[in-house]
Amino acid sequence: MKILTAPSIFAADLANMEKEVRRTELSGADLIHFDIMDGVYVPNMSFGFDMLKAIRKLTQLPIDAHMMTVHPEMYIQRLSECGADIVTVHNDIAPEEQIKGMLESINSYGMMAGIALKPKVPAEAVLPFIDCVDMILVMTVEPGFSGQKFMDMSDKIREIKKYIGSRNISIEVDGGIKAETAPICAEAGANVFVIGSAAYAAPSMKDAVENVRSTAAAAYPG
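What you see is a predicted model; the values in this text were computed from it and never measured. What you see as residue numbers is a count from 1 along each chain, following the sequence as written. Local features in a predicted model are, by the rule used here, given only for residues with pLDDT of at least 70; side-chain atom pairs are given and counted only at 80 or more, and totals for whole chains, interfaces and linings are based on all residues. To get the side-chain values, all heavy atoms of the structure are used, and hydrogens and water are removed first.

Engineer: Describe the overall build of the chain, naming the residues involved and giving the relevant values.
Structural biologist: Assigned secondary structure in the chain consists of 8 helices and 8 strands. Taken over the C-alpha trace, the chain has a radius of gyration of 16 Å; the compact-globule value for 222 residues is 17 Å, and the two agree within 12%. Exposed residues in this analysis have more than 50% of their type's maximum accessible area, buried residues have under 20%, and partly exposed residues fall in between, with area computed by a 1.4 Å probe over protein chains only. A buried classification covers 55% of the 222 residues belonging to the chain. Pairs at least 24 residues apart make up 67% of the contacts formed inside the chain by residues separated by at least 6 positions. Working definition of accessibility: Shrake-Rupley area with a 1.4 Å probe, residue cover restricted to the visible protein chains. Carbon and sulfur atoms make up 52% of the accessible area of the chain, which amounts to about 9,600 Å² in all. Where the 20 positive side-chain charges of the chain centre and where its 29 negative ones centre are 4 Å apart. The helix and strand labels rest on DSSP assignments: H or I over at least four residues marks a helix, E over at least two residues marks a strand, and numbering proceeds from the N terminus. Note on method: radius of gyration uses C-alpha positions; expected globular size equals 2.2 Å times residues raised to 0.38. Only heavy atoms matter for contacts: two residues are in contact if any of them lie within 4.5 Å across the pair. His is not counted, nor are the chain ends, whereas Lys and Arg count as positive and Asp and Glu as negative. Lysine's charge is taken at NZ, arginine's at CZ, aspartate's at CG and glutamate's at CD.

See below:
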């Protein structure tokens with residue numbers, strides 16, 4: 001699997017979004033990670049659809065939308081219309097069959113579908129969805145706030161990697177990711193790395209992104 005970097009625009013300077021999107025492109029990032037929080041599923045609120053649409057006009061980078069919301073099914077069509085390329089929902093927001101329906105709906109709009117697991121959710125929670133997703137997001141912090149301390153989820157990632165087997169499914173990690181922590185996740189099988197403050201607050205965003213990519217690539221098995 002290709003190692004991909006996904007700076008989280010929520011950690012950028014929100015007063016200078018156009019400049020920050022350009023800086024993200026120049027850093028060599030592969031994706032833009034876009035957090036949508038509703039203040040219900042998590043105790044914080046973030047971007048809405050107008051911001052997503054605005055960022056879409058500024059860049060050709062794929063936009064990776066992480067839905068920290070209780071009813072993401074209400075917004076799948078709008079996410080597509082606003083330019084999301086990947087939409088990830090959490091496994092614990094609805095009964096299994098409803099979540100499968102959401103994942104199928106995401107794919108039906110031409111977007112890639114992902115399932116996210118909080119730190120305390122066991123690896124086996126992905127099993128009902130393993131044939132419905134393009135990506136599995138393993139949270140390495142509790143969702144909802146940036147700047148938290150990294151939690152080692154390498155054992156969970158290894159289990160999920162075994163469940164995936166030969167399927168073409170990426171494993172993404174989000175929370176406290178930087179050059180020192182990315183290899184821990186990569187060695188276990190993660191290949192997509194969401195980078196927040198470690199990217200946007202770095203003296204050189206380009207160096208920070210490249211350091212995550214290179215250290216992860218060196219640790220990734222095979």
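Once the structure has been displayed, the description carries forward.
Engineer: Please give an account of the sheet that holds strand E5 (residues 112-117) that cites residues and values.
Structural biologist: Reading across from one edge, E1-E8-E7-E6-E5-E4-E3-E2 is the order of the 8 strands in this open sheet, with parallel pairing throughout. The outermost strands of the open sheet, each flanked by one partner alone, are strand E1 (4-7) and strand E2 (32-37). Here the strands of the sheet are splayed against their neighbours by 25 degrees on average, with no regard to which way each runs. The pairing criterion is simple: DSSP has to find at least two bridges between the two strands. Where E1 lies against strand E8 (residues 192-195), 4 bridges are found, and the strand directions are parallel. Opposite Leu4, over in E8, you have Val192 as the bridge partner. Every axis corresponds to a line fitted to the C-alpha atoms, with the helix fit spanning only the stretch in contact, and the corresponding angles, defined between N-to-C directions, vary from 0 to 180 degrees.

Engineer: So what about the packing of aromatic side chains? Which residues, and what values?
Structural biologist: Between rings of Phe, Tyr and Trp, where Trp is taken as its six-membered ring, a pair exists when centres lie within 6.5 Å; planes separated by under 30 degrees are stacked, by over 60 edge-to-face, and by other angles tilted. On inspection of all chains with the given rule, the structure shows 3 aromatic pairs. With centroids separated by 5.5 Å and ring planes inclined at 45 degrees, the aromatic side chains of Phe49 and Tyr75 adopt a geometry described as tilted. Here Tyr75 lies in the loop between strand E3 (63-68) and helix H3 (76-82) and Phe49 lies in helix H2 (residues 49-58), a separation of 26 residues in the sequence. For Phe49, a relative accessible area of 13% corresponds to the buried category. On the basis of relative accessibility, which here comes to 27%, the residue Tyr75 falls in the partly exposed class. Members of the aromatic cluster, each reached through a chain of ring pairs, are Phe10, Phe34 and Phe47.

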